[in-house]
Amino acid sequence: ADFDAKKKRKVAEIYQALNSDPINVAKLRRMAISEGGLLTDEIRRKVWPKLLSVNTDDLPPLPARKELREDNKDYQQVLLDVRRSLRRFPPGMPDDQREGLQEELIDIILHVLQRNPQLHYYQGYHDIVVTFLLVVGDRLATALVEKLSTHHLRDFMDSTMDNTKHILNYLMPIIDQVNPEVHDFMQSAEVGTIFALSWLITWFGHVLSDFRHVVRLYDFFLACHPLMPIYFAAVIVLHREQEVLDCECDMASVHHLLSQIPQDLPYESLISKAGDLFVQFPPSELAKEAAQAAQAERTAASTFKDFELASVQQRPDTVLRQRFRERLRGEERLRGEERTKSFLTKPRTNRFVKLAVMGLTVALGAAALAMVKSALEWAPKFQLQIFP
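On a predicted model such as this, the values are computed, not experimentally measured, just so you know.

Helix and strand counts for the protein chain stand at 24 helices and 0 strands. Looking at the protein chain residue by residue over its 388 residues, the buried ones come to 53%. Taking the contacts inside the protein chain whose residues are at least 6 apart along the sequence as the reference set, 79% of them involve residues at least 24 apart. Carbon together with sulfur atoms contributes 54% to the accessible area of the protein chain, which is approximately 17,900 Å² in total.

Time to look at the nonpolar core. Membership of the largest hydrophobic core comes to 113 residues, with the highest contact counts inside it found for Trp48, Phe204 and Phe232. The dominant element in this core, judged by the number of residues it contributes, is helix H14 (residues 228-239), at 10 residues. Three or more residues apiece are contributed to this core by two domains, here domain 1 (1-155) and domain 2 (158-313). When sequence neighbours within four positions are dropped, the list of residues in contact with Phe232 reads Phe204, Leu217, Phe220, Phe221, Tyr267, Leu270, Ile271 and Ala274.

Two aromatic rings are characterised by how far apart their centres lie and by the angle between their planes. Applying the stated criterion across every chain, the model contains 14 aromatic pairs. One aromatic cluster is present, formed by Trp48, Phe132, Phe195, Trp199, Trp203, Phe204, Tyr218, Phe220, Phe221 and Phe232 through successive ring pairs.

Here the structure, examined in full by the defined rule, presents 19 salt bridges. Between Arg115 and Glu146 there is a salt bridge, and its shortest N-O distance comes to 3.1 Å. Highlighted residues: Arg115 in helix H6 (residues 95-115) and Glu146 in helix H8 (residues 138-150), separated in sequence by 31 residues. Classification of Arg115 as partly exposed rests on a relative accessible area of 44%. Sharing partners across several salt bridges, the network here consists of Arg65, Arg69, Glu103 and Asp107.

Here we come to the UniProt feature "transmembrane region" (unreviewed entry) in the protein chain. Taking the UniProt record as the reference, the feature "transmembrane region" (unreviewed entry) is found at residues 191-208, 220-238 and 352-372. The span residues 191-208 shows a helical share of 28% and a strand share of 0%, and its end C-alpha atoms are spaced 22 Å apart. This span, residues 220-238, is 74% helix and 0% strand, and a straight line between its end C-alpha atoms measures 19 Å.

Moving on, we come to the packing of helix H3 (residues 41-51) against helix H7 (residues 125-136). At a closest axis distance of 9 Å, the pairing of H3 and H7 adopts a crossing angle of 110°. The orientation of H3 with respect to H7, classified from their angle, is roughly perpendicular. Between H3, through Asp41, Arg44, Arg45 and Trp48, and H7, the contact on the second element is made entirely by Phe132, Val135 and Val136. Residue classes in the contact of H3 with H7 are distributed as 4 nonpolar, no polar and 3 charged.

Between helix H13 (residues 211-222) and H14, whose axes approach to 9 Å, the crossing angle comes to 130°. For the element pair H13 / H14, the angle class is oblique. On the side of H13, the interface is formed by Leu217, Phe220 and Phe221, while H14 contributes Met228, Pro229 and Phe232. In terms of residue class, the contact of H13 with H14 is made up of 6 nonpolar, no polar and no charged.

Applying the stated rule across the entire model yields 0 disulfides. This cysteine, Cys249, is not joined by any disulfide, and Cys247 carries the nearest cysteine sulfur, 8.3 Å off.

What follows concerns the environment of Val54. Topologically, Val54 is positioned in the loop between H3 and helix H4 (65-69). Sequence-wise, Val54 and Lys147 are 93 residues apart; in three dimensions their C-alpha atoms are separated by 7.5 Å. Aside from chain neighbours lying at most four places away, what touches Val54 is Pro49, Ala143, Leu144 and Lys147.

This paragraph deals with unusual backbone geometry. With an omega of 0°, the peptide bond running from Asp21 to Pro22 counts as cis. Position of Pro22 relative to the elements: it lies in the loop between helix H1 (2-19) and helix H2 (25-33). Here the phi dihedral of Glu190 falls at roughly 55°; this positive angle occurs in a residue that is not glycine. If you trace the backbone, Glu190 turns up in the loop between helix H11 (180-189) and helix H12 (197-201).

Relative to the assigned elements, His152 resides in the loop between H8 and helix H9 (162-168). Among the polar contacts made by the side chain of His152, one reaches the main-chain carbonyl oxygen of Cys224 at a distance of 3.4 Å.

Calculation criteria
Residues numbered from 1 in each chain as written. Predicted model: local features only at pLDDT ≥ 70, side-chain atom pairs only at ≥ 80, totals over all residues. Heavy atoms only, no water. Helix = DSSP H or I, 4+ residues; strand = E, 2+ residues; numbered from the N terminus. Buried < 20%, exposed > 50% of the residue type's maximum accessible area, 1.4 Å probe, protein only. Contact = heavy atoms within 4.5 Å. Areas by Shrake-Rupley, 256 points an atom, 1.4 Å probe, with all protein chains shown as cover. Core = buried A, V, L, I, M, F, W, Y, C linked by side-chain atoms within 4.5 Å. Domains from an automatic or database assignment. Phe/Tyr/Trp six-rings, centres within 6.5 Å; stacked < 30°, edge-to-face > 60°. Salt bridge = Lys/Arg side-chain N within 4 Å of Asp/Glu carboxyl O. UniProt positions renumbered as here; feature names shortened; annotations may be inferred. Axes fitted to C-alpha atoms, helices over the stretch in contact; angles between N-to-C directions. Parallel < 35°, antiparallel > 145°, perpendicular 65-115°, else oblique. Nonpolar A, V, L, I, M, F, W, Y, C, P; charged D, E, K, R; others polar. Disulfide = S-S within 2.5 Å. Polar contact = N/O pair within 3.5 Å; in protein donor to acceptor, adjacent residues only side chain to side chain.

Put into structure tokens, the structure is as follows:
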């Protein structure tokens, strides 16, 4: 009964924020982040467009299916991925209804790509789009996905994997700030960050089987800074601390353990923790370590088959190369393992002070505000901010 009362109160607050003039978007962000998220799909249909500042009164009509699909370079690949996406639809949905939705899914993706030739399709993109389609329907999903693709997902849609790798390089520094032991164990195992690639580029849609958990996370990510999914990935690894440390310290074992995501995660507390970590260790503070991680990444993980396939068109990252060339020369003589360690060791004096503060001053409300500020200032091409 207490829970129902809380839920009723929250629904009332959400509608109050929606009906105020002007709409109280900051409050909607807080509601999306705080416990339970936006609660129902009916509310999501109203709030998601506000979080992405999409005007729902003026949605462009969808183009004719035939025109979209003729001569479209991405059509075959999108078709293959969508056909494989059966498990992303609610179990028990009639076949013809699901097939209809799969056709709509193909249209939305092709429409966004056609209107934005600078964006490149990647496998996993359809996992994000189907979530929007199931919650808000095809017309609104098209507008929301287009906005998301030119902002939050922009770096995944480059012609190379460089920027996606940059974002993955934030994972280890976050883990290191909170739990050096887990960090050092993963370094020794040379597991790399590839296990989190599909989490990141599908916003966990591909790996979580319960749709309720997926949309709850989407509430959170839509209300936050675009790097929040990598903080959430770090929090999942940290939550599994004991399993990780009990694992054989070799790449295959640790990779296998981490890539099998548990389905019974305590989502609300993990979301709250990710919000806290973002406030304590904002991306600007971790940028240097992320850059060093990129430089030291000579681990076996980079030879992983899927990674090679994904990064066929790698281009060297000149910024990082210049910045670390001098340091590398001095390090060259060291053995690879020591080299990696020397890059990633840093003074840890203020970690305990920071941890003591955690959970006291950093209530989620404060986290929400910090994220709102940074999310709004986020440039579509955000590599520039990560690497000044």
